[in-house]
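# Topology and contacts: notes
One-letter residues, chain by chain:
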Amino acid sequence: MKNLKTMADDELVALYAKGNNPAFDVLLNRHKSSVHSYIYYTVRDRDLAEDIFQDTFMKAIVTIKQGRYTENGKFKAWIMRIAHNLIIDNFRQERNENTISNDEVDVDLFNDIRLCDGTIEDNMVQSQVFADVRKLVRHLPENQREVLELRYYKDLSFKEIAEITGVSINTALGRMRYAILNMRRIAEENRMELAIA
């Protein structure tokens, strides 16, 4: 029988589904670093990142044990998607729990990132990511670059972007989607590694 460490992810998943617990340990060790890094760089909170990391692999365990895993050959993409969905769920729950109205105040003291102090490491990582993103943005078609810049650099809603550019909201959303896909493709072709990759 092959050594577990040399097996492909889908082989390990199949073994684990049949009760071979060490197979899952190999999967965990193989992917824990990239999954944890992705979660941490998204949520920026060590304790929360650890909780989401644990939940991610617990959800994977339950899904595999229930025989519902169907992503043959795509375990890493699948586990990252679980992590991403849990992050989104956490942000939604946090937003719902912490909704405080400050409509009568011009400055949002609770949610203004400009009023928060990051660490030197955070600032360095952020600077590098911004520099890499700016390089990628320059290679986009004009209409995609325009939507992306209005959304991320001007912080406009898609409704405002649609009005400014004279297109429908769906067209603006579509251009943003293609901008992100193109940036990912350009990054892969040029072997650029953004800090959250």
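Overview of the structure.

Rules behind the numbers
- The numbering scheme is per chain: residues are counted from 1 as the chain's sequence reads.
- pLDDT decides what is reported in this predicted model: residues at 70 or higher carry local features, side-chain atom pairs at 80 or more are listed and counted, and totals for whole chains, interfaces and linings draw on all residues regardless.
- Calculated side-chain values reflect all of the structure's heavy atoms, with hydrogen atoms and water omitted.
- Each helix corresponds to a stretch of at least 4 residues labelled H or I by DSSP, and each strand to a stretch of at least 2 residues labelled E; elements are numbered beginning at the N terminus.
- Between buried and exposed lies partly exposed: a residue is buried under 20% and exposed over 50% of the maximum accessible area for its type, with that area taken using a 1.4 Å probe on protein chains only.
- Any pair of residues with heavy atoms lying within 4.5 Å of one another is described as a contacting pair.
- Here the Shrake-Rupley method, with its probe set to 1.4 Å, supplies the accessible areas, and only the displayed protein chains count as covering residues.
- Structural elements are reduced to axes, namely lines fitted to C-alpha atoms, with helices fitted over the stretch in contact, and the angle between N-to-C directions of any two is expressed from 0 to 180 degrees.
- Orientation is classified from the angle alone, with under 35 degrees giving roughly parallel, over 145 giving roughly antiparallel, 65 to 115 giving roughly perpendicular, and any other angle giving oblique.
- Take the far helix as the reference: if the near one is turned anticlockwise from it by less than a right angle, the crossing is left-handed, and if turned clockwise, right-handed.
- Each residue is assigned to one class: nonpolar for Ala, Val, Leu, Ile, Met, Phe, Trp, Tyr, Cys and Pro, charged for Asp, Glu, Lys and Arg, and polar for all the others, Gly among them.

Here we come to the overall build of the chain. Looking only at helices and strands, one finds eight helices and zero strands in the chain. Counted from the first residue to the last, the chain has its helices and strands arranged as α-α-α-α-α-α-α-α. Expressed as a percentage of its 197 residues, the buried residues of the chain come to 31%. Taking contacts inside the chain between residues at least 6 apart in sequence as the whole, the part at least 24 apart equals 49%. Just so you have it, the chain exposes about 13700 Å², and 50% of that area is on carbon and sulfur atoms.

Quick look at the packing of helix 1 (residues 9–17) against helix 3 (residues 46–65) now. Two elements in contact, helix 1 and helix 3, have axes separated by 9 Å at closest approach and are oriented at 70 degrees. In terms of axis orientation, helix 1 runs roughly perpendicular to helix 3. Between helix 1 and helix 3 lies a crossing whose hand is right-handed. Residues Val13, Tyr16 and Ala17 of helix 1 form the contact with helix 3, whose participating residues are Ile61, Ile64 and Lys65. Of the residues that constitute the contact of helix 1 with helix 3, the class distribution is five nonpolar, no polar and one charged.

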